[in-house]
Amino acid sequence: SSGLNSAAVADVTFALAGAAFVLAAQEVTRAAYEVARWALYRRYEEHLTGRVIRAALGAGTLDVFERPDLAAKTDRAVRVAGLEPGDLVDGLSMKWSLQAQGVAAAVLVATVSVPAAAILLLVWILVGNRLQANMLRADQFTWEDAVHAASYTHRIGLRQEWAKEVRIFGLVGWLSDRYGRQTSRLLAELANARKVGQRSLTVLLGLVVVANAAVVALATRAAVNGSLDVGAVVLLLQGMLGMSLLADQTGDDLIEYGASRVPVVLELERVVADHSSTTAHSGAVSASGRPAEAIVFEEVTFGYPGAGKIIFDRLNLEIRAGTSVGIVGLNGAGKTTLIKLLTGLEVPQSGRILVDGTDLRAIDQESWRRSVAAIFQDFVHYEMSARDNIGLGAVEQLTQPSIDGEIRCAAARAGADAVLGGLPHGLDTTLSSRLEGGVDLSGGQWQRVALARSLLAVHGGARVLVLDEPTAQLDVRAEADLYNKFLDLTAGLTSVVISHRFSTIRRSSRIIVLDGGHVIEDGSHERLLVAEGVYARMFRKQAMRFGSGDEEDIDG
Ligand SMILES: Nc1ncnc2c1ncn2[C@@H]1O[C@H](COP(=O)(O)OP(=O)(O)OP(=O)(O)O)[C@@H](O)[C@H]1O
């Protein structure tokens, strides 16, 4: 009966064009949204991780990793910053779009009945808040230490570095049992957390049902009365359904997951700032050219915080600039600790460390670190190119064109030239068999690379060279060859060598013996033998046991 007149045709055309426009706009905004979301996601992650790195590294000393109270906070911040904090961006965008739809639905209801819209809005907001509170309580993050324990167990089983030992000791069954038990405990805790707040949620959901039923009943009566037309009733019902989006939880877990990282990072920054303000020791004096005379430990007392044990009790020690000192002592005597104090990684509780008469605390920490090259027993195996593994010793020069020549030269001096020669892509070879095209090195080969790194640091300006048993994995002859050259290599430098091997240590012109937090003997190999003290006893014991003191370890 009713054909379309021209006005109706225009209306329909307009509506269709509008719909096409909306669809096209939706596609364009979706694409733009994806780009923006991805960028924001990464930016937020980078920002948060960057703050953790700056806080942890900015502390200067190792306290943030070693003092139990600080270490727990550092550990937590490092962990959470790595756990997809960008989820916050996804969560917020989901949540905001749902909330906008919920509010639009409320407006729809309000066009029919403002009181109905107000009442429904109130109950949905209450339900939403309650659901959110329950979710937060049950969120894994609130007991993430338990999660951490379980995931540590899990990782023991899967780490490449530990694969040998885990299999040799037959730990697979034990690990999976332990992982299973930890997970069950976790789930039990989760079930408990979920119980709390269930009653009030049930009451609120009842309220939702009652409020919606009441509005439907009133609307039906009004429609029957004729005071509400059918179109309005449909609008009302549609709006009511849409308003449930106000309590929708989609995205809440992501928001919580992403946002809960923030207080952890802020807490780390706060404790590091507090800690640094009480222990700050980076002064303004440049370390350049130091030491020219001596490094002096003056009445230095030190114990690791929280360990309750004094390692050094008023230690006095002078290391003349340009000389080489060998340090001997039983396991745990404090040899590595001495180096940490010397490099400023630890700070004495009392006493002073003087560099050419200037307190280390008055010297700019960064410039002092550049003046000292140290390779520790647990030096880093960087999963990077051979170039980087050596070049990081003089990181400021890494981009200079001449660096490859310097790297090769340092490698040759450390006896690592043969190692480089065997690499399939030369300096570009990645030193990790886990990465494509990469190769792994033997323990001794790694040590030569690390040694080359420290020798390159000398090229970069370091004047103190510390070797804390970095050659223990070389065979005795190779180590002896290296140390035969060592005095030439380090001519003009101040060097400190820690070793358990007499073949190495006896070459130092001066040897000090650490025991009980003090230097108990001090002199050349020959003088210490004549003195018939601890050094002579250790040396003779080994020499007797193995026929030659030249080849054996100092182990007491
Ligand atoms: N980060 C730390 N926190 C608490 N105590 C530590 C820490 N590092 C070392 N210690 C303790 O300090 C003492 C000295 O350790 P250090 O590593 O300096 O000895 P070392 O002489 O180098 O031993 P080794 O010959 O075994 O390498 C040891 O008793 C050790 O347990």
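Residues numbered from 1 in each chain as written. Predicted model: local features only at pLDDT ≥ 70, side-chain atom pairs only at ≥ 80, totals over all residues. Heavy atoms only, no water.

Novice: What exactly am I supposed to notice about the overall build of the protein chain here?
Specialist: A tally of regular secondary structure across the protein chain gives 22 helices and 10 strands. Expected size for 556 residues packed as a compact globule is a radius of gyration near 24 Å; at 35 Å, the protein chain overshoots this value by more than 25%. Taken across its 556 residues, the protein chain has 43% of its residues classed as buried. Taking the contacts inside the protein chain whose residues are at least 6 apart along the sequence as the reference set, 72% of them involve residues at least 24 apart. When the accessible surface of the protein chain is totalled, it reaches about 28700 Å², and 60% of it is carbon and sulfur. When the 54 positive and 63 negative side-chain charges of the protein chain are each reduced to one mean point, those points stand 4 Å apart. (Helix = DSSP H or I, 4+ residues; strand = E, 2+ residues; numbered from the N terminus. Rg over C-alpha atoms; globule rule 2.2 N^0.38 Å. Buried < 20%, exposed > 50% of the residue type's maximum accessible area, 1.4 Å probe, protein only. Contact = heavy atoms within 4.5 Å. Areas by Shrake-Rupley, 256 points an atom, 1.4 Å probe, with all protein chains shown as cover. Lys, Arg positive; Asp, Glu negative; His and termini not counted. Charge placed at Lys NZ, Arg CZ, Asp CG, Glu CD.)

Novice: Would you explain empty space enclosed by the protein in this entry?
Specialist: By rolling a water-sized probe across the atoms, one finds the places where empty space is left. If you walk through the whole model with that rule in mind, you get four cavities of 30 Å³ or more. What the second largest cavity holds in volume is close to 60 Å³. Tallied by class, the residues present in the lining of the second largest cavity amount to four nonpolar, three polar and one charged. (1 Å grid on protein atoms, 1.4 Å probe; cavity = no way out; pocket = protein on both sides within 12 Å on 5 of 7 lines; lining within 4 Å. Points joined across faces, edges and corners; volume = space filled by probe spheres on them. Nonpolar A, V, L, I, M, F, W, Y, C, P; charged D, E, K, R; others polar.)

Novice: I tried to follow the packing of aromatic side chains on my own but got confused; where do I start?
Specialist: Using the criterion set out here, one finds five aromatic pairs in the structure. Here Tyr-152 and Trp-162 contribute two aromatic rings whose centre-to-centre distance is 6.4 Å and whose plane-to-plane angle is 65 degrees, an arrangement assigned as edge-to-face. With a gap of 10 residues between them, Tyr-152 in helix H6 (residues 144–158) and Trp-162 in the loop between H6 and helix H7 (163–168) connect regions that are remote in the sequence. We classify Trp-162 as partly exposed; its relative accessible area is 29%. Between Phe-502 and Tyr-535 the ring centres are 5.6 Å apart and the planes differ by 75 degrees, which places this aromatic pair in the edge-to-face class. With a gap of 33 residues between them, Phe-502 in helix H20 (residues 502–505) and Tyr-535 in helix H22 (residues 534–546) connect regions that are remote in the sequence. Exposure remark for Tyr-535: the relative accessible area of 0% places this residue in the buried category. (Phe/Tyr/Trp six-rings, centres within 6.5 Å; stacked < 30°, edge-to-face > 60°.)

Novice: Would you mind showing me how to read the site of the ligand here?
Specialist: In the neighbourhood of the ligand, 15 residues make up the surrounding shell, with Lys-309, Gly-332, Lys-335, Thr-336 and Thr-337 lying closest. A distance of 2.5 Å separates an oxygen atom of the ligand from a polar side-chain atom of Thr-337. Contact distances for the ligand include 3.4 Å between an oxygen atom and a side-chain N or O atom of His-500. Bound to the protein, the ligand loses 70% of the 640 Å² it would expose on its own. Among the elements that make up the shell around the ligand, the one with the highest residue count is helix H13 (residues 335–342) (three residues). In terms of residue class, the shell around the ligand is built from five nonpolar, seven polar and three charged. (Near = heavy atom within 4 Å. Polar contact = N/O pair within 3.5 Å; in protein donor to acceptor, adjacent residues only side chain to side chain.)

Novice: Please clarify how the side chain of Thr-429 should be interpreted in this entry.
Specialist: With respect to the helices, strands and loops of the structure, Thr-429 is situated in the loop between helix H17 (417–421) and helix H18 (443–459). A distance of 2.7 Å separates a polar atom in the side chain of Thr-429 from the backbone oxygen of Gly-426. In contact with Thr-429, not counting residues within four places along its chain, are Met-384, Ser-385, Ala-386, Leu-423, Pro-424, Gly-437 and Val-439.

Novice: I'm lost on helix H4 (residues 87–112) in this one. Help?
Specialist: Structural remark: α-helix, 3.6 residues per turn; residues separated by three or four positions point the same way. Here H4 contains 26 residues, and its C-alpha end-to-end distance of 38 Å stays within 8% of the 38 Å for a straight helix at 1.5 Å per residue. For H4, the complete set of buried residues consists of Asp-87, Leu-88, Val-89, Asp-90, Gly-91, Ser-93, Lys-95, Leu-98, Gly-102, Ala-105, Ala-106 and Val-109. (Expected span 1.5 Å × (residues − 1).)

Novice: How should the sheet that holds strand S3 (residues 324–329) be read in this particular structure?
Specialist: Working definition: the strands of a sheet are paired by backbone hydrogen bonds and lie parallel or antiparallel to each other. In spatial order, the strands read S6-S7-S8-S3-S9-S10; together these six strands make up an open sheet with mixed pairing. Only two strands of the sheet have a single neighbouring strand rather than two, namely strand S6 (372–375) and strand S10 (518–523). When strand polarity is set aside, the average angle formed by the axes of neighbouring strands in this sheet is 20 degrees. In the sheet, S6 pairs with strand S7 (residues 464–468) via four bridges, with the strands oriented parallel. Looking across to S7, one finds that Ile-375 is bridged to Leu-467. (Pairing = 2+ DSSP bridges. Axes fitted to C-alpha atoms, helices over the stretch in contact; angles between N-to-C directions.)

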